[in-house]
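Survey of secondary and tertiary structure
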Amino acid sequence: MTQPAMSEARRYQQLRAHLAYLKLNDAAEALPRVLDAARAERLSLTAALERLLESEVEATEARKLASRLRFSCLPEPWTIGDFDFAAQPGVDEVISDVHSLLRAYEARAMEAINLKISKVGGLTNAKLIRDLATLRFLDDASNVLFVGPPGVGKTMLSVGLARAGVEAGHRVYFTTAAELAAKCHKAAIEGRWATCMRFFAGPRLLVIDELGYLPLPGDGASALFQVINQRYLKSSTILSTNVGIADWATAFGDATVAAAMLDRLLHRATVVGIDGPSYRLRAHQTHATTLRKAVAARAS
Ligand code: ADP
Ligand code: MG
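Please read these numbers as outputs of a predicted model, since none were measured by experiment.

A separate point is the overall build of the chain. In terms of regular secondary structure, the chain is built from 14 helices and 6 strands. When each of the 300 residues of the chain is scored for burial, the buried share is 41%. Sequence separation of 24 or more characterises 80% of the internal contacts of the chain that already satisfy a separation of 6 or more. Of the accessible surface of the chain, which amounts to about 16800 Å², a share of 57% is contributed by carbon and sulfur atoms.

This paragraph deals with the packing of helix H9 (residues 177–189) against helix H11 (residues 218–231). Relative orientation of the contacting elements H9 and H11 amounts to 95 degrees, with a least axis distance of 9 Å. On the basis of the axis angle, H9 is roughly perpendicular to H11. Where H9 abuts H11, its residues Leu180, Ala181, Cys184 and His185 lie against Asp219, Gly220, Ala223, Leu224 and Val227. Along the lines of polarity and charge, the residues of the contact of H9 with H11 split into 6 nonpolar, 2 polar and 1 charged.

Extensive coverage of strand E3 (residues 172–176) is indicated by the burial of 5 of its 5 residues. Sheet analysis places E3 next to strand E4 (residues 205–211), joined by 5 bridges and oriented parallel. Bridging across to E4, Thr176 finds its partner in Asp209.

Taken as a whole and assessed by the stated rule, the structure comprises 11 salt bridges. For the salt bridge of Arg63 with Asp26, the shortest nitrogen-to-oxygen distance reads 3.1 Å. Here the residue Arg63 occupies a position in helix H3 (residues 45–72), and Asp26 occupies one in helix H2 (residues 25–40), the gap between them amounting to 37 residues. Relative accessible area serves as the criterion here: at 25%, Asp26 is assigned to the partly exposed category. For Arg39, the salt bridge is made with Asp36, and the minimal N-O distance between the two is 3.4 Å.

Positionally, Asp139 belongs in helix H7 (residues 136–139). On a C-alpha basis, the gap between Asp139 and Arg204 in space is 9.7 Å, while along the polypeptide they are 65 residues apart.

A surface patch of negative charge is lined by Glu50, Glu54, Glu58 and Glu61. Among the secondary structure elements, Glu50 is positioned in helix H3.

Within the largest apolar cluster, 35 residues are counted, with the highest numbers of intra-cluster contacts made by Leu224, Trp248, Phe252 and Met261. Examining the composition of this core, we find that 7 residues originate from one element, helix H13 (residues 255–267), more than from any other. With near-sequence residues (within four places) excluded, Met261 lies in contact with Ala221, Leu224, Phe225, Ile228, Trp248 and Phe252. Residues Leu128, Leu132, Leu157 and Leu205 belong to the second largest nonpolar core, which totals 28 residues.

Attention now moves to the site of ligand 1. In the neighbourhood of ligand 1, 16 residues make up the surrounding shell, with Asp84, Gly151, Lys154, Thr155 and Met156 lying closest. Within the contact set of ligand 1, an oxygen atom lies 2.8 Å away from a backbone nitrogen or oxygen of Met156. Taking 560 Å² as the accessible area of ligand 1 by itself, protein coverage stands at 87%. Those elements that provide at least two residues to the shell around ligand 1 are helix H8 (154–167) and helix H14 (279–299). Considering every element that reaches the shell around ligand 1, the biggest residue donor is H8, with 3 residues. Looking at the shell around ligand 1, its residues break down into 8 nonpolar, 4 polar and 4 charged.

Take unusual backbone geometry next. At Ala141, a position not held by glycine, the phi torsion is positive, near 50 degrees. As for its placement among the helices and strands, Ala141 is situated in the loop between H7 and strand E2 (143–147). Overall, Ala141 belongs to the buried group, its relative accessible area being 6%. Even without glycine at this site, Glu210 takes up a positive phi of about 60 degrees. On the secondary structure map, Glu210 appears in strand E4.

Before going further, it helps to spend a moment on H11. The end-to-end C-alpha distance of H11, which contains 14 residues, comes to 21 Å, matching closely the 20 Å that a straight helix rising 1.5 Å per residue would cover. Listed as buried for H11 are Gly220, Ala221, Ala223, Leu224, Phe225, Val227, Ile228 and Arg231. Where the residues of H11 are buried, they touch H9, helix H10 (193–201), E4, strand E5 (236–241), helix H12 (248–252) and H13. Two residues or fewer after H11 comes Leu233, characterised by a positive phi angle close to 65 degrees.

What counts, and where the lines are drawn
- Residues numbered from 1 in each chain as written.
- Chains lettered and ligands numbered in written order.
- Predicted model: local features only at pLDDT ≥ 70, side-chain atom pairs only at ≥ 80, totals over all residues.
- Heavy atoms only, no water.
- Helix = DSSP H or I, 4+ residues; strand = E, 2+ residues; numbered from the N terminus.
- Buried < 20%, exposed > 50% of the residue type's maximum accessible area, 1.4 Å probe, protein only.
- Contact = heavy atoms within 4.5 Å.
- Areas by Shrake-Rupley, 256 points an atom, 1.4 Å probe, with all protein chains shown as cover.
- Axes fitted to C-alpha atoms, helices over the stretch in contact; angles between N-to-C directions.
- Parallel < 35°, antiparallel > 145°, perpendicular 65-115°, else oblique.
- Nonpolar A, V, L, I, M, F, W, Y, C, P; charged D, E, K, R; others polar.
- Pairing = 2+ DSSP bridges.
- Salt bridge = Lys/Arg side-chain N within 4 Å of Asp/Glu carboxyl O.
- Patch = residues over 30% accessible without salt bridge, like charges linked within 9 Å, V, L, I, M, F, W, Y side chains within 5 Å.
- Lys, Arg positive; Asp, Glu negative; His and termini not counted.
- Charge placed at Lys NZ, Arg CZ, Asp CG, Glu CD.
- Core = buried A, V, L, I, M, F, W, Y, C linked by side-chain atoms within 4.5 Å.
- Near = heavy atom within 4 Å.
- Polar contact = N/O pair within 3.5 Å; in protein donor to acceptor, adjacent residues only side chain to side chain.
- Expected span 1.5 Å × (residues − 1).

In structure tokens, the structure reads:
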């Protein structure tokens, strides 16, 4: 081997060692490939360096995305693209900003407010959800409320938006109301209340699913209120519930807490009422219809 070739080989080893020392392992691994390409394609020094570091950046981004996804605890791999809008023509924007309506709030007034809310029309279905999927609502810390009966896709839409948030680089955390209440309760007992509150204040987007499916214990409602209150005007929360806004007072067993929570949640919010058929039951219904037809055909 000639002298210059020796030093070139040594320089290559040195370069790999530098990359490894700096923990640029993906760049170290890509090095031979990039050098070959540089020679074959006569890449400029800048182009070759750019390509080398690009492999490291891509790998780092992938690792960060995977870590944000793990942290987010999303229960399903759903995306907004999976949602079948044709199956759910009832997805409708019900309200956008009702703060003034809620100002002078009384439990008795709930029903009246709810009536006014449902009369406010707006963008509908696919367009509204796609608008939410741009994640602009995160910029002004506004909230999203999905209201509707079981099986209409509230969780699916929440997960889809949350997933979009994760992919856009935000810290997102998914939980259910019952799980949140249980975590806060445990933290209070173990003297970790402040840490627990900081945890729920942290994510740029917090999803609280299934509010109203299980009755919250007394301290659960107040924990939920504190979580909502500390995030108010700072970061966005997506909340899904089967309890119509008019019935929140009953669901919480405390009209004042319900009113205070709604006040914060709805100050800046998009409320999406979904009132279509249950997607879960669709398969059963199709099956039942087929059976009924078969039985009718045999009988005739
Ligand atoms: P909810 O939270 O309102 O009870 P889910 O979001 O859990 O409902 O949806 C129930 C099931 O039906 C899920 O498996 C979901 O993927 C499916 N589903 C509901 N709505 C749709 C839809 N519009 N398009 C595709 N799948 C849907
Ligand atoms: Mg659900």
